[in-house]
Amino acid sequence: MVLSDRDIKRELEAGRIVIEPLKPQDVQPASVDVRLGANFRVFRNSEHTFIDPSIDQPNLTEEIEVPEGGAFILHPGQFALGTTVERIGLPDDVLGKLEGKSTLGRLGLMIHSTAGYVDPGWDGELTLELSNVATLPIMLRPGMRIGQLSFERMSSPVERPYGSAGLGSHYQGQRGATASHVLTD
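Conventions adopted
- Residues numbered from 1 in each chain as written.
- Predicted model: local features only at pLDDT ≥ 70, side-chain atom pairs only at ≥ 80, totals over all residues.
- Heavy atoms only, no water.
- Pairing = 2+ DSSP bridges.
- Helix = DSSP H or I, 4+ residues; strand = E, 2+ residues; numbered from the N terminus.
- Core = buried A, V, L, I, M, F, W, Y, C linked by side-chain atoms within 4.5 Å.
- Buried < 20%, exposed > 50% of the residue type's maximum accessible area, 1.4 Å probe, protein only.
- Contact = heavy atoms within 4.5 Å.
- Salt bridge = Lys/Arg side-chain N within 4 Å of Asp/Glu carboxyl O.
- UniProt positions renumbered as here; feature names shortened; annotations may be inferred.

A word on the sheet that holds strand 2 (residues 32-35)
An order of 2-12-7-9 is seen for the 4 strands of this open sheet, with the pairing classed as antiparallel. Each edge of the open sheet carries a strand with a single partner, namely strand 2 and strand 9 (117-118). In terms of strand pairing, strand 7 (residues 94-100) meets strand 12 (residues 145-153) through 7 bridges, oriented antiparallel. For Lys-97, the partnering residue across the bridge sits in strand 12 and is Ser-150.

This is the structure we're talking about:
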């Protein structure tokens, strides 16, 4: 069941869902708006000729920190990693779903390729998978509303929340745009 604004506020007040910082106006009827952070990662195209997810490729991406008042320009066809300003924490019986803002989607901005799912037990900033499918560059300003996070209550608490020993939860506690970890069996 998707949580309503009333339920989201109750979960926030009880400390079960954590969103820091949170502006009260960011709580929407069935979601919470999240804002774009100043930290980005872009591929080093001039140093790497391919991506192989099965091997470690150090320095595949480089970090870019946008200064206060600045902007990150996402060019047509470009892919970059970004981050939310907010740290998100979820209990073991609530999952989150991240989606883009309709206003930005209508301009050609996609904020996730596949990682729109936030597991129960998650704690950290969310890494955004930013793509520009428009024909013009898009100016992204840190602090702008970039997405919306909805919440669903599980039928029961999960046995092993994200971050539990043995799960291989590579991204628990992440801060800033976090590059991909090598896929292993």
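A look at the nonpolar core
Membership of the largest hydrophobic core comes to 33 residues, with the highest contact counts inside it found for Leu-109, Leu-140, Ile-146 and Phe-151. Every residue in contact with Leu-140, bar those within four places of it in the chain, is listed here: Leu-36, Ala-71, Phe-72, Leu-74, Leu-109, Leu-130 and Ile-146.

Comments concerning the pattern of salt bridges
Across all of its chains, the model carries 11 salt bridges by this definition. Where Asp-26 meets Arg-145, a salt bridge forms, and the shortest distance between an N and an O atom there is 3.1 Å. Taken together, the residues span a long stretch of sequence, with Asp-26 in the loop between strand 1 (18-20) and strand 2 and Arg-145 in strand 12 at a distance of 119 residues. On the basis of relative accessibility, which here comes to 1%, the residue Asp-26 falls in the buried class. Residue Lys-101 pairs with Asp-33 through a salt bridge whose shortest N-O separation is 2.9 Å. In this pair, Lys-101 sits in the loop between strand 7 and helix 2 (102-105) while Asp-33 sits in strand 2, placing the two residues 68 residues apart along the sequence. Of the two residues, Lys-101 and Asp-33, both sit in the buried class. When salt bridges that share partners are traced, they join Asp-26, Asp-33, Arg-35, Lys-101 and Arg-145 into one network.

Some remarks on the UniProt feature "active site" (unreviewed entry) in the protein chain
The residues that UniProt annotates with the feature "active site" (unreviewed entry) are Glu-129. Note on placement: Glu-129 falls in strand 10 (residues 123-132). What makes Glu-129 buried here is its relative accessible area of 14%. Beyond its immediate chain neighbours, meaning those up to four positions away, Glu-129 contacts Phe-79, Ala-80, Leu-81, Met-110, Ile-111, His-112, Ser-113, Thr-114 and Ala-115.

Describing the UniProt feature "site: Important for bifunctional activity" (unreviewed entry) in the protein chain
When the UniProt feature table is mapped to this numbering, "site: Important for bifunctional activity" (unreviewed entry) covers Gly-116 and Tyr-117. Along the chain, Gly-116 falls in the loop between strand 8 (109-110) and strand 9. Of the residues examined, Gly-116 reaches a relative accessible area of 10% and is grouped as buried. The residues contacting Gly-116, other than those within four sequence positions of it, are Gly-96, Lys-97 and Leu-98. One can find Tyr-117 in strand 9.

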